[in-house]
Amino acid sequence: MTQPFVHPYLPNTAPDVKAAMLAAVGAASTDEFYADIPEGLRLDRPLDLPAPFVAEQDLVRHVDGLLGRNVSTRERLSFLGAGTYNHYVPAVVDEVINRSEFLTAYAGEPYEDHGRFQALFQYQSLMAELLNMDVVNVPTYDGFQATATSLSMAGRMSGRRGVIVASDVLPDKFSRVHDFVRTNLDLTVVPTVNGTADVAAVAALATEQTAAIWVETPSYSGAVETAIRQLADAAHAVGAVLVVGTDPVGYGVLTPPADQGADIVCGDIQSLGLHQWFGGAHAGFIAVHDDPRFVMEMPSRLFGLATTDVPGEVGFGDVAYDRTSFAHREDGKEWVGTAAALWGIAAGVYLALMGPQGMADLGETLLARTRYAQLQLSAIPGVALTDTALHLREFVVDFSAASVTAHAVVDTLRAQGIEPGVAVGEYELLVAVTEMTGQGDIDRLADAVASVVAASDTADTSTSNTEEKSA
Amino acid sequence: MTQPFVHPYLPNTAPDVKAAMLAAVGAASTDEFYADIPEGLRLDRPLDLPAPFVAEQDLVRHVDGLLGRNVSTRERLSFLGAGTYNHYVPAVVDEVINRSEFLTAYAGEPYEDHGRFQALFQYQSLMAELLNMDVVNVPTYDGFQATATSLSMAGRMSGRRGVIVASDVLPDKFSRVHDFVRTNLDLTVVPTVNGTADVAAVAALATEQTAAIWVETPSYSGAVETAIRQLADAAHAVGAVLVVGTDPVGYGVLTPPADQGADIVCGDIQSLGLHQWFGGAHAGFIAVHDDPRFVMEMPSRLFGLATTDVPGEVGFGDVAYDRTSFAHREDGKEWVGTAAALWGIAAGVYLALMGPQGMADLGETLLARTRYAQLQLSAIPGVALTDTALHLREFVVDFSAASVTAHAVVDTLRAQGIEPGVAVGEYELLVAVTEMTGQGDIDRLADAVASVVAASDTADTSTSNTEEKSA
Amino acid sequence: MSLPIAPKPALRRFHQARWDEPVIFELTTPGERGVLVSRPEPGVREAVGDVVADLPAGMRREKPAALPEMGQMRVLRHYLRLSQENLGADFNIDVGQGTCTMKYAPKVNETLISTPKLTELHPLQDQGDVQGILEIMWSLERAVAEISGMHSVSLHTSGGSTAIWTNIAMIRAYHEANGEGEQRDEVITTIFSHPSNAATAKAAGYKVITLYPDADGYPDAEALRAVIGPRTAAIMITNPEDTGIFNPRVKEWVDLAHSVGALASYDQANANGILGITRARDAGFDVCHFNLHKTFGTPHGCGGPGSGANAVSEALAPFLPGPVIVRDGDRFALDSDRPQSIGKVAPFYGVAPNLVRAYAWIMALGAEGIKAVAETAVLNNNYLMKKILEIPGASAPYATGRRRIEQVRYSWQELFEETGISSEEIGIRASDFGMHYWTSHHPYVVPQPFTLEPTESYSMAELDEYAAVLAEVAREARETPEVVRTAPHNQTVHHTHHDDLDDPERWAITWRAYQRKYFS
Amino acid sequence: MSLPIAPKPALRRFHQARWDEPVIFELTTPGERGVLVSRPEPGVREAVGDVVADLPAGMRREKPAALPEMGQMRVLRHYLRLSQENLGADFNIDVGQGTCTMKYAPKVNETLISTPKLTELHPLQDQGDVQGILEIMWSLERAVAEISGMHSVSLHTSGGSTAIWTNIAMIRAYHEANGEGEQRDEVITTIFSHPSNAATAKAAGYKVITLYPDADGYPDAEALRAVIGPRTAAIMITNPEDTGIFNPRVKEWVDLAHSVGALASYDQANANGILGITRARDAGFDVCHFNLHKTFGTPHGCGGPGSGANAVSEALAPFLPGPVIVRDGDRFALDSDRPQSIGKVAPFYGVAPNLVRAYAWIMALGAEGIKAVAETAVLNNNYLMKKILEIPGASAPYATGRRRIEQVRYSWQELFEETGISSEEIGIRASDFGMHYWTSHHPYVVPQPFTLEPTESYSMAELDEYAAVLAEVAREARETPEVVRTAPHNQTVHHTHHDDLDDPERWAITWRAYQRKYFS
Ligand SMILES: Cc1ncc(COP(=O)(O)O)c(C=O)c1O
Ligand SMILES: Cc1ncc(COP(=O)(O)O)c(C=O)c1O
């Protein structure tokens, strides 16, 4: 095969075309275009990369072979959460975001990209209804970033450095937020009590130096914060804002934080119509009230309604573009770039499909199954819940009374095809339950856990504690 | 849950809507609409169907569970053919035919369905280039039907009943064709010699009663007919037509039958961009020269170019619609209905992607790998080829000299994850090789077969024959 | 202007995508490649030599096939653009392809079928490897049997008309088996039964007798009595007919057929309004078929593949095409040992993706849901009929004042007489609003016909929108007929000239024929 | 008229789909459902009681969320219609989003990622269950390392700008680790480096110094010399810059940085023209990033998720975000034990689908193919530049007569002076031909700017078409400026009024805010 290298992705490698184009620009070879690159910087050898699979069928065989070595949560019974959740993604969501028009578009104007503007405006609006807030951004990268930016907004608005962390935060999230804000903000963690905020302690710590109180609900351990109102009051009393990091999945049944005084509500939308994707499908939302002090601090794009030359035509455009780094480089608010628009479109489609009843049903299912799992697991001798807070979707069980480590539970159950949760302490396991884990699945988990505990019981005669640990 | 039955597929089951609609038409209940159905015919009980999965996620779990019990040819090494072939389907093909616009459309006019008309006109045209013929239909159901109809066309055109079957035909195809044409045509089979037509015998049998000579190439056993010209001459000498049933996959390198005198060329396009789909993705083509005697006998739709009010606009429409049963019921040519348009679009995209070089490469790959497999298998003591004809993609090996039945070979190799082919006789195995079965795969097959034969050799000391059996 | 946005006008201001793409051959650039193919390995080349050069004389293609040469993205772009120029049921209020039952093809079903465990399954694999699909097919057969009341079902055919062919092929085999093959050479159908009933019977060798309705538009039992007799092989009828009218005396028809030794074949493609309400076998039919691509929610794919389900009484079961699926405890197997079978009607066991889709559709709805489908379809139809009949110039011939089942064949005859604007012209103009209807309802027993079948899938608001568009076009026909006559205006292409299409000298069925006829 | 069809005119007669859909809230119908959710089983209900009623006081949502209520097909139809109103790169000759490298995102990669073995993989599963994806990520890291010449790579970020943030975060940590955190409080960039370099540095707490080019448009080394010093933490530059001009003295810049103890950070988002030609590390850079969604063929998704790849020298490797993938023979594992790491930059390990796509893109091309990508991209760019400069009124400021790498920042200043038509207006009018360009190139150092980057994906014929459209619009600007000024004409919507968007009293960022502001 002495055929020239012509690749399906590179039309102008066709020899005649290439020659014609070179001739048109008066170049002898493509080398001429690199005249500005000094010899010394030129790579004088081919890149050292594996031999390619230029025939598509061979590429497929190769990559399918690699991915085929994965075993997914569809082949396991999974109670893994800790930031990425196993929710159901309706087929229509994927259909829409896999449309070539959406998948491959980027940054067209509100004319030729009207669809994108409308889909994202609708995303903003649908989220706004779920959250009862008037302004929601085009998604930023993920909930970590959304939270970091929300706290930074509070700092910029107030010119203060203090942030009181009132909830248990996922350690990875804390890591991200901390590194992001540390030049401008100081984070002070107030230990929680029984899974949720120690309101009195938080209030006592709030001062005129406090930019924000930061609440997470559900918290790292799935505990739902029921004292948002008091925390908001504490923040407002010192001129600070209440930033609530949350997962919106429960607000079909739960009161949204805005109704309890939250100023900025932020978090991740992976739960709303995105697959698990090995943790690679996150997108962050920031919601505020329609107050320019807040809005003008948001770095992300905001799409707004506009009229056109034709009455009744729905137009769109960028709201307050001048906020952005696109417009003003370092003088913009943080920065804006390619973030997670497609995931936003997905979440919009998801909410439109679910509707009020779907979100209410989902919320109820999550509450009920979570509670059921708590009951089933804590009924096992030696297994206890770590708090009595209200939990949505996640909770921690403690095996210390059974003297079984969380890792041991994980290892044993994995051998049975069950991912029982994430070990978050020597004896603590973070268990996630969703609408995908039915009663039978939970029962199977409980049975498996009971066996592990019983087996260790036989080995070790320490007494077990059936009471909820912090009850 | 005493909520009314509202289903996502049935918007007007929403109670208020349903009530409003009933009110608008002045009906008390939907029952009224059935006034014409006598009581005695009314089903007085619910249908006895399994309990449904109304939540989409539950449906997915159920059906995924069932399909998950299949083990596909991606998980086996497959040399199965016999009508459905394991060819590579480029991703772009699936992308196009999965577009909602194409997937869910039906029978719009050449205005709002311009895209469908153009895509199918292009399919016709691309096939025409591959086959060197000027007229190709919008696909009929499958190659079986295409062949049955082609022979019927010959019968209608000539008013004769005789059809001489010159090749080995897949038995299932013969069954279908026979039942379809038997009222109007008599099929006479002339046994093949060394895998292909016995030209002299066929010619001798042709008479003024002969409507058509029917050739299959590649034949049932994958043998390529090299005497099409002589068979055409024999047909034409008695005023009959030559109908060639074929798989178009080889015509990147092989001379198309039209260049050798064929009058009607027909067959299946599953090889051109369609997955195996458990044998459920077939579509039939019928190609003729641009001769109204032939064209007016075709039952399927034919899309043709047309001008519009705007110069340079490419329009389309139905050619000679009056041929069809849509226009003239039983006075049309056979009938036309929903057939296999989407598969035709797929094949068009496939041919456009492959281009002349791709089809030439594919043809060469198939010829080379087929030959290689023949050599590797027939090199095994006790294993022989059944003929010395030129083969494309399929061939039969004979284990009689090794005294191993084809079924035994199949059973043994299946246990090793290999589908070695289709047993077509006590000792004969039909082996299919495609661009998906590489050298390593073929070697693996040969090794496995060699082991089976060797094992039986030890058991049974009959001598083996390494010569090609009919050489 | 500034916010708020004014209310939208009553009618959608639509324009279909227009890409003005050339025919693909004009996009060729020598040397470009769309996809590369796996090539023979060095070891293979060494073993086999140059297989192309070694081809027997005359067997090597002389000139490469004149296919276009295009980079992959350009092929994709071309076809994606064409796709936008096509109005799938997902996009429009697709109630205008009357008798075709354009319903929602649930997207989840596309997800379900897109596994290699179906796409890359070979029909001749070890039966142990295909238990999942066999169970689905078997279960679907059982569901169709229950819905029709029949004994046995075959899912092999890939369209409604070929399923009808299968009906008549089984009937022919049955009579032959009873020694009456020669004697029974006639098939009776009605003019408002789908044409494929007549056409397949003819193709099977039968003389076709077509009955016309009575003055009210009901199938005429007296007319049947007049022609039925010992030469009758079968009656082959649709019910409700293409008019949407249910034959209240259908049992009498079937009994009449049986009384002369004929069989009764039921085209159930129009069953959408009667699912769970009434069943073929309960009216005595011997054989029937459904279109899974209509009633059971599989997509139409621009005209196929569809999927036909043939259901038969116990007496006809031996004649079903082979092989059939048999269940033995938890195992499913294919049984080909069926001596009376008419043999194969298709390569293997039917359009597997459609069978899975149809199964999933049934399992998403269940008995209650399926009955709700029927009831909603008839509600929608009678609601839309009310709206349409409010349009001056539109009428629904026959059975005046009575309800219809799932569709109505309407007529614009009055409007035509008044304005000279035909039904076809109105349908084309409707496409300027993103809707349309199909007018191939030959022969035009109903003059200036159009057939609307709203199915269960469209909301009340959408039906209102559809009716409003027709009302608007009817108004235009009176007030600004030129607008209608020169339509479409907002479409991909403009008014198209069809004269060349019927002239063998001028028609151009392929690009190569076009080049030869006009440019050489 | 009859066949043959007349030749097509020079320019495509385009119209984008226009569906005139309302905002989705207006499509609500009380009671309709889009999808049903799995509900608590009876056994669960019994065990837990009424969890909603039992919620603590104030925790139960009072009014249902005012989401629309719609049947599934209507939701689908709405969004499908919107999709047709969007011009993805698959549809247009998408060379006008200069600096954004809109290239072919191969469809096969969509197939590859659509397996549950990726979509339903949880990041905390048993590492034994995720070996396939870990190997792909590891291999991709290695490929990026080779392409950049760097030592280690992290793939965690989901966009280019957050990758640039990660660059500066690592630089900050590095200086802190060396006790120079306080001292080094300045970052130097250039005006033709992407704004995110300046903006992320600012967000990390740095004072930003922005240099302007010399008279020829080349980065000005003397200007750098003037500002660089002990307070400099890093230079953060793009090369080739957004003008498409490669800094021939880039090594000198890096050496200068190093000479004062600063680090050199390379924004390699614009690497498409230099893949396999020149490498970041070979010029001495300490850290760089690539946009996988630009250079490595992953799709842009309407603005993300993208995927950033951070590559660093051995000295910076300890600061990479965690965890990193380590290989041990055939096994791959995640290592989180990295004390100097800046910690997490994203929830888990990056945008897995994009990582697989990028890996597949590399494996489809190999070293030879990737170099051909670069060479073809520059060929296309210089070819297009020739075409554009033939249009009266268009110019390419700076480095006149010299070649560019992969893109060119052009100017319509001449045309603007002559006609008063702005670059933005021209871009909008171009959309009437199915094309467009983006004009957000603030500050307008190049007046009336537009930036074209043809990449390797578009054929010569398409580049010709694109240039012909701009030539036509430029002609219109002179001859029929009203046509341009009132554009678009063939688009989904018409000329849009943007005044409301900058006024807090009038802007409407969500439907509920709009309702409240204008209708209550
Ligand atoms: C009543 C009836 N029978 C038969 C058919 C034919 O079905 P198909 O188009 O699948 O051949 C149709 C389809 O329009 C129909 O409406
Ligand atoms: C040179 C350069 N750097 C950085 C970026 C920012 O990338 P992203 O949009 O992914 O944030 C871009 C994208 O336009 C770019 O061109």
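Cut-off values and rules
Residues numbered from 1 in each chain as written. Chains lettered and ligands numbered in written order. Predicted model: local features only at pLDDT ≥ 70, side-chain atom pairs only at ≥ 80, totals over all residues. Heavy atoms only, no water. Helix = DSSP H or I, 4+ residues; strand = E, 2+ residues; numbered from the N terminus. Rg over C-alpha atoms; globule rule 2.2 N^0.38 Å. Buried < 20%, exposed > 50% of the residue type's maximum accessible area, 1.4 Å probe, protein only. Contact = heavy atoms within 4.5 Å. Near = heavy atom within 4 Å. Polar contact = N/O pair within 3.5 Å; in protein donor to acceptor, adjacent residues only side chain to side chain. Areas by Shrake-Rupley, 256 points an atom, 1.4 Å probe, with all protein chains shown as cover. Nonpolar A, V, L, I, M, F, W, Y, C, P; charged D, E, K, R; others polar. Expected span 1.5 Å × (residues − 1). Bend = angle between axes of the 7 residues up to and from the residue. Pairing = 2+ DSSP bridges. Right-handed = clockwise from strand over helix to strand, strands pointing away. Buried area = accessible area lost by both parts, 1.4 Å probe. Salt bridge = Lys/Arg side-chain N within 4 Å of Asp/Glu carboxyl O. Axes fitted to C-alpha atoms, helices over the stretch in contact; angles between N-to-C directions. Core = buried A, V, L, I, M, F, W, Y, C linked by side-chain atoms within 4.5 Å. Parallel < 35°, antiparallel > 145°, perpendicular 65-115°, else oblique. UniProt positions renumbered as here; feature names shortened; annotations may be inferred.

Caption draft 1: Region of interest: the overall build of chain C. Per the secondary structure count, chain C includes 16 helices and 11 strands. Computed over C-alpha atoms, the radius of gyration of chain C comes to 26 Å, within 12% of the 24 Å expected from 2.2 N^0.38 for 520 residues, which places it in the range of a compact globule. The C-alpha extent of chain C, read off along each of the three principal axes, is 75 × 75 × 50 Å. Counting over 520 residues, chain C shows a buried share of 72%. Within chain C, contacts between residues separated by at least 24 positions form 73% of all contacts whose residues are at least 6 apart in sequence.

Caption draft 2: Seen up close, the site of ligand 2. Contacts to ligand 2 come from 18 residues, most closely from Thr338 of chain A together with Thr99, Ser161, Asp267 and Lys294 of chain D. Nearby residues place ligand 2 at the junction of chains A and D. A distance of 2.6 Å separates an oxygen atom of ligand 2 from a polar atom in the backbone of Thr99 of chain D. Within the side chain of Lys294 of chain D, an N or O atom sits 2.4 Å from an oxygen atom of ligand 2. In isolation ligand 2 has 390 Å² of accessible area, and contact with the protein removes 98% of it. The greatest single-element share of the shell around ligand 2, amounting to 3 residues, is contributed by helix 6 (residues 160-177) of chain D. In terms of residue class, the shell around ligand 2 is built from 4 nonpolar, 11 polar and 3 charged.

Caption draft 3: Structural detail: helix 11 (residues 352-389) of chain C. For helix 11 of chain C, spanning 38 residues, the distance from its first C-alpha to its last is only 42 Å, which falls clearly below the expected 56 Å at 1.5 Å a residue. Along its length, helix 11 of chain C shows its largest kink, about 100°, at Gly366 of chain C.

Caption draft 4: The arrangement of the pairing of strand 4 (residues 186-189) of chain B in detail. Residues and elements named next belong to chain B. As paired elements, strand 3 (residues 162-165) and strand 4 share 4 bridges and run parallel to each other. Bridge assignment links Val165 to a residue of strand 4, and that residue is Val189. Handedness of the strand 3-helix 7 (residues 171-181)-strand 4 crossover: right-handed.

Caption draft 5: View of the site of ligand 1. Every one of the 18 residues lining ligand 1 counts as a neighbour, but Thr338 of chain B together with Gly160, Ser161, Asp267 and Lys294 of chain C are closest to it. Chain contributions to the surroundings of ligand 1 come from chains B and C. Gly160 of chain C places a main-chain nitrogen or oxygen 2.6 Å from an oxygen atom of ligand 1. When ligand 1 sits alone it has 390 Å² of accessible area, and the protein chains cover 98% of it. Elements with a minimum of two residues in the shell around ligand 1: helix 6 (160-177) and helix 10 (292-295) of chain C. For the shell around ligand 1, the element with the highest residue contribution is helix 6 of chain C, accounting for 3 residues.

Caption draft 6: Up close: the interface of chain A and chain C. In this assembly, 33 residues from chain A lie in contact with 31 residues from chain C. The largest share of the area that chain A buries against chain C comes from Pro8, Thr307 and Gly312 of chain A, three residues that together contribute 23% of it. Residues Lys107 of chain C and Glu95 of chain A are paired through a salt bridge, measuring 4.0 Å at the closest nitrogen-oxygen approach. The interface formed by chain A and chain C contains 6 residue pairs in polar contact (both at pLDDT 80 or more). Elements that contribute at least two residues to the side of chain A that touches chain C include exactly helix 2 (56-67), helix 3 (91-97), helix 4 (100-103) and strand 9 (303-306) of chain A. Tallied by class, the residues present in the side of chain A that touches chain C amount to 17 nonpolar, 9 polar and 7 charged.

Caption draft 7: Spotlight on the sheet that holds strand 15 (residues 428-432) of chain B. Residue and element names in this part refer to chain B. Taking strand neighbours across the sheet as the criterion, the 4 strands line up as 11-12-15-14 in an open arrangement whose pairing is antiparallel. Of all the strands in the sheet, the pair left with one neighbour each is strand 11 (384-385) and strand 14 (422-423). Relative to strand 15, strand 14 is paired through 2 bridges, and the arrangement is antiparallel. Bridged to Ala423 within strand 15 is Leu429. Each of strand 11, strand 12 (394-398) and strand 15 touches helix 12 (residues 341-378); the most contacted strand, strand 12, lies at about 5° to it.

Caption draft 8: Seen up close, the nonpolar core. Residues Leu305 of chain A, Leu305 of chain B, Leu470 of chain C together with Leu470 of chain D are the most contacted members of the largest nonpolar core, which totals 555 residues. In this structure, Leu305 of chain A is in contact with Phe121, Val314, Gly315 and Phe316 of chain A, Leu3 and Ile5 of chain C together with Val23, Leu501, Ala508, Trp511 and Tyr514 of chain D, ignoring residues within four places of it in sequence.

Caption draft 9: Local environment of the interface of chain A and chain D. Contacts between the two partners involve 193 residues from chain A, matched on the other side by 210 residues from chain D. Interface area, chain A with chain D, both sides summed: about 17900 Å², of which 62% is carbon and sulfur. Together, Tyr111, Phe278 and Arg329 of chain A form the three largest contributors to the area buried by chain A at its contact with chain D, with a combined 6%. Joining chain A to chain D, the criterion identifies 20 salt bridges. Between Arg69 of chain A and Glu135 of chain D there is a salt bridge; the shortest N-O distance is 2.8 Å. If you look at where chain A meets chain D, you find 118 residue pairs in polar contact (both at pLDDT 80 or more).

Caption draft 10: Structural detail: the packing of helix 2 (residues 56-67) of chain B against helix 5 (residues 131-148) of chain C. Taken N-terminus to C-terminus, the directions of helix 2 of chain B and helix 5 of chain C make an angle of 125°; their axes are 6 Å apart at the nearest point. Here helix 5 of chain C runs oblique to helix 2 of chain B, going by the angle between their axes. Residue-level contacts link Val63, Leu66 and Leu67 of chain B of helix 2 of chain B to Gly132, Glu135 and Ile136 of chain C of helix 5 of chain C. Considering only residue class, the contact of helix 2 of chain B with helix 5 of chain C consists of 4 nonpolar, 1 polar and 1 charged.

Caption draft 11: Structural detail: the environment of Gly369 of chain C. Mapped onto the fold, Gly369 of chain C is located in helix 11. Other than its neighbours up to four places away in sequence, Gly369 of chain C contacts Phe5 and Leu10 of chain B.

Caption draft 12: Representation of the UniProt feature "domain: Glycine cleavage system P-protein N-terminal" (unreviewed entry) in chain A within the structure. In the UniProt entry, the feature "domain: Glycine cleavage system P-protein N-terminal" (unreviewed entry) is given for residues 9-446 of chain A. In this annotation, residues 9-446 of chain A is assigned 36% helix and 14% strand; the end-to-end C-alpha distance for the span is 52 Å.

Caption draft 13: Representation of the side chain of Asp286 of chain C. Among the structural elements, Asp286 of chain C can be located in the loop between strand 5 (263-267) and strand 6 (287-291). In terms of polar contacts, Asp286 of chain C uses its side chain to reach the side chain of His258 of chain C, at 2.7 Å.

Caption draft 14: Spotlight on the pattern of salt bridges. Taken as a whole, this structure holds 138 salt bridges over all chains when the rule is applied. A salt bridge links Arg76 of chain A to Asp129 of chain D, with the shortest nitrogen-to-oxygen separation between them at 2.7 Å. Placement of the pair is Arg76 of chain A in the loop between helix 2 and strand 1 (77-78) and Asp129 of chain D in the loop between helix 4 (116-119) and helix 5 (131-148), with the two residues belonging to separate chains. Through salt bridges with shared partners, a single network forms among Arg12, Glu462 and Glu465 of chain C together with Glu21, Arg74, Arg77 and Arg81 of chain D.

Caption draft 15: Quick peek at the UniProt feature "domain: Glycine dehydrogenase C-terminal" (unreviewed entry) in chain C. Here, the residues flagged by UniProt with the feature "domain: Glycine dehydrogenase C-terminal" (unreviewed entry) are residues 374-485 of chain C. Between the C-alpha atoms that bound residues 374-485 of chain C there is a distance of 37 Å. The span itself is 50% helix and 7% strand.

Caption draft 16: Local environment of helix 7 of chain B. Where helix 7 of chain B is concerned, the buried positions are Lys173, Arg176, Val177, Asp179, Phe180 and Val181 of chain B. On its buried face, helix 7 of chain B sits against helix 6 (143-158), strand 4 and strand 5 (210-217) of chain B together with helix 6 of chain C.

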